[in-house]
Amino acid sequence: MPAIATNDKTYTSCKAASWPSYSLGQELKPQAPDRELRQMLSEVDPKRIEANIRKLVSFGTRHTLSTQTDPKRGIGAARDWIASEMSKYAEKSGGRMTVTVPSMIQPVASRVPFPVKLSNVLATIKGSEEPERVYVITGHYDSRVTDVLDYESDAPGANDDASGTALVIELARILSTRQPKATIILGAVAGEEQGLLGSAFLAQSLKNSSTNVEGMLNNDIVGSSTGDRGQRDPFTVRLFAQGPPLTESAPVTARRLQIGGENDSPARELGRFAVEVAANEATQMNIAMIYRLDRFLRGGDHSSFLAAGFPAIRFTEPNENFNHQHQDLRTVNGTVFGDLIEFVDFDFTARVGRVNLATLWSLANAPGMVKNVTVDTSTLGNDSKLDWVVDERVGDYEVVWRSTISPFWTNVIRVGKVGSVTLPLSKDNVIFGVRAVGKNGYRSPAVLPFPA
Ligand SMILES: [Zn+2]
């Protein structure tokens, strides 16, 4: 089956979104990966991802409440193995990458009947130019069966979420040999199945230290493209992105609604960014962006980051088979239940890894999001005046826009290294965004202007 990346070809062609027409600027073309990024994408190895998943499955169960002292079985052994793998890469990184295992004692909670030590495994690559700007990627390494409190039965969790964890470990290997401009944290988090506990611990720690997290990518259930009706979609990954942030103040939310900005949350701008830089022939993937926090009845670790006020999105396979998630291992009338490795497609997970790598690398080498972006609404008029704060490190600025009913940015105009521009295009009819262009050509995610 040919891999066809359709996002870039249908990017601006939505006919319903073609008004108003104008001669200003250009049609927006997605940012193509440069030679260095293409090289990195080619290094994502399905065989290594398979080996990582096999190893994670070999611990029998990785339930958060399982043993932490057995050297071969349980979440403690899994934690130690992940830390040792990442440490191997860190040793060869020339000091760029460090590995830590922050832990806490999780008190009794609704899915935690006794206090338990909870550990995340984090590999941090310090940025060379803006180390204070941070991007986070996670998979969760804990697993479960039907009963969320059953911590003794075998819970292979091959897809949920050894796939996401294996992808993160593989990206740590590749990124350990590179030098991004901003900082990247690659995390294997625990306690997801017991209530997003490990990711909440990580997100709150970053919030408490006032860390500037400009994007978080959650990879949870990225191991298969085949659904329960046998439907296959091996070249598509879903991207879930929430609308208005729950952490905004009531006046800001009211203003957002007033200006039609409900579809331009930081999470959705992050999602649009990922579609622009990572759906292409180099990743061989389409990205199906879904304007929703998550699937019905399900949650994920990006929610912990959204709750801390950070832009966060979730990648998940296109078609799920619920017989292979959260299930006791059994066969009933010929139907196999259980999250077994035989249902994982390692090539698919590798492609999802490339989508994440393209997104992360493009974020970490672009300028940060533009600050204090405003639109002048002090007088009536058919021009639009936008203002923002100039960062001396940035090469240039661009204004992007689209029809209010278009999903992606469709038009762009380069405006130079300025902090203000007036365009002959009515703010009443389009949605504007402002983004920075680095001296290397990398572009930041766009920022929606609010009235000054
Ligand atoms: Zn999961």
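Rules behind the numbers
Residues numbered from 1 in each chain as written. Predicted model: local features only at pLDDT ≥ 70, side-chain atom pairs only at ≥ 80, totals over all residues. Helix = DSSP H or I, 4+ residues; strand = E, 2+ residues; numbered from the N terminus. Rg over C-alpha atoms; globule rule 2.2 N^0.38 Å. Buried ≥ 20, exposed ≤ 12 C-beta atoms within 10 Å, placed from the backbone. Contact = placed C-beta atoms within 7 Å. Pairing = 2+ DSSP bridges. Axes fitted to C-alpha atoms, helices over the stretch in contact; angles between N-to-C directions. Parallel < 35°, antiparallel > 145°, perpendicular 65-115°, else oblique. Nonpolar A, V, L, I, M, F, W, Y, C, P; charged D, E, K, R; others polar. UniProt positions renumbered as here; feature names shortened; annotations may be inferred. Domains from an automatic or database assignment.

**Q** Residue-level account of the overall build of the protein chain, with values.
**A** Across its full length, the protein chain carries nine helices and 20 strands. For 452 residues, the compact-globule formula gives about 22 Å, and the C-alpha radius of gyration of the protein chain, at 22 Å, lands near that figure. The buried share of the protein chain, taken over its 452 residues, is 50%. Taking all contacts inside the protein chain whose residues are at least 6 apart in sequence as the whole, residues at least 24 apart take part in 77%.

**Q** I'd love a proper account of the pairing of strand E2 (residues 97–100), names of residues and values included.
**A** The alternating pattern of E2 places Met97 and Val99 on a buried face, while none of Thr98 and Thr100, on the opposite face, is buried. As defined by bridge partners, E2 adjoins strand E5 (residues 121–125) across four bridges and the pair is classed as antiparallel. Directly across from threonine 98, in E5, lies its bridge partner threonine 124.

**Q** Would you mind going over the packing of helix H2 (residues 46–57) against helix H9 (residues 346–365) in detail, with residue names and values included?
**A** Look at H2 against H9: their axes get within 8 Å of each other, and the N-to-C directions meet at 110°. Taken together, the axes of H2 and H9 are roughly perpendicular relative to one another. Between H2 and H9, the residues in contact are Pro46, Ile49 and Glu50 and Phe346, Asp347, Thr349, Ala350 and Gly353, respectively. Of the residues assigned to the contact of H2 with H9, the class counts are four nonpolar, two polar and two charged.

**Q** So, the UniProt feature "domain: Peptidase M28" (unreviewed entry) in the protein chain: which residues are in play, and what are the values?
**A** Taken from the UniProt record, the annotation "domain: Peptidase M28" (unreviewed entry) applies to residues 120–328. The span residues 120–328 is 28% helical and 23% strand by assignment, and the distance between its end C-alpha atoms comes to 26 Å.

**Q** Requested: an account of the domain arrangement of the protein chain, with residues and values cited.
**A** How big an interface is tends to be reported as the loss of accessible area on association of its parts. What the domain assignment lists for the protein chain is domain 1 (15–30 + 369–451) and domain 2 (37–365). One C-alpha centre belongs to domain 1, the other to domain 2, and the line joining them spans 32 Å. If you look at the interface, domain 1 gives 15 residues, while domain 2 gives 16 residues. Tallied by class, residues from the side of domain 1 that touches domain 2 come to 12 nonpolar, three polar and no charged.

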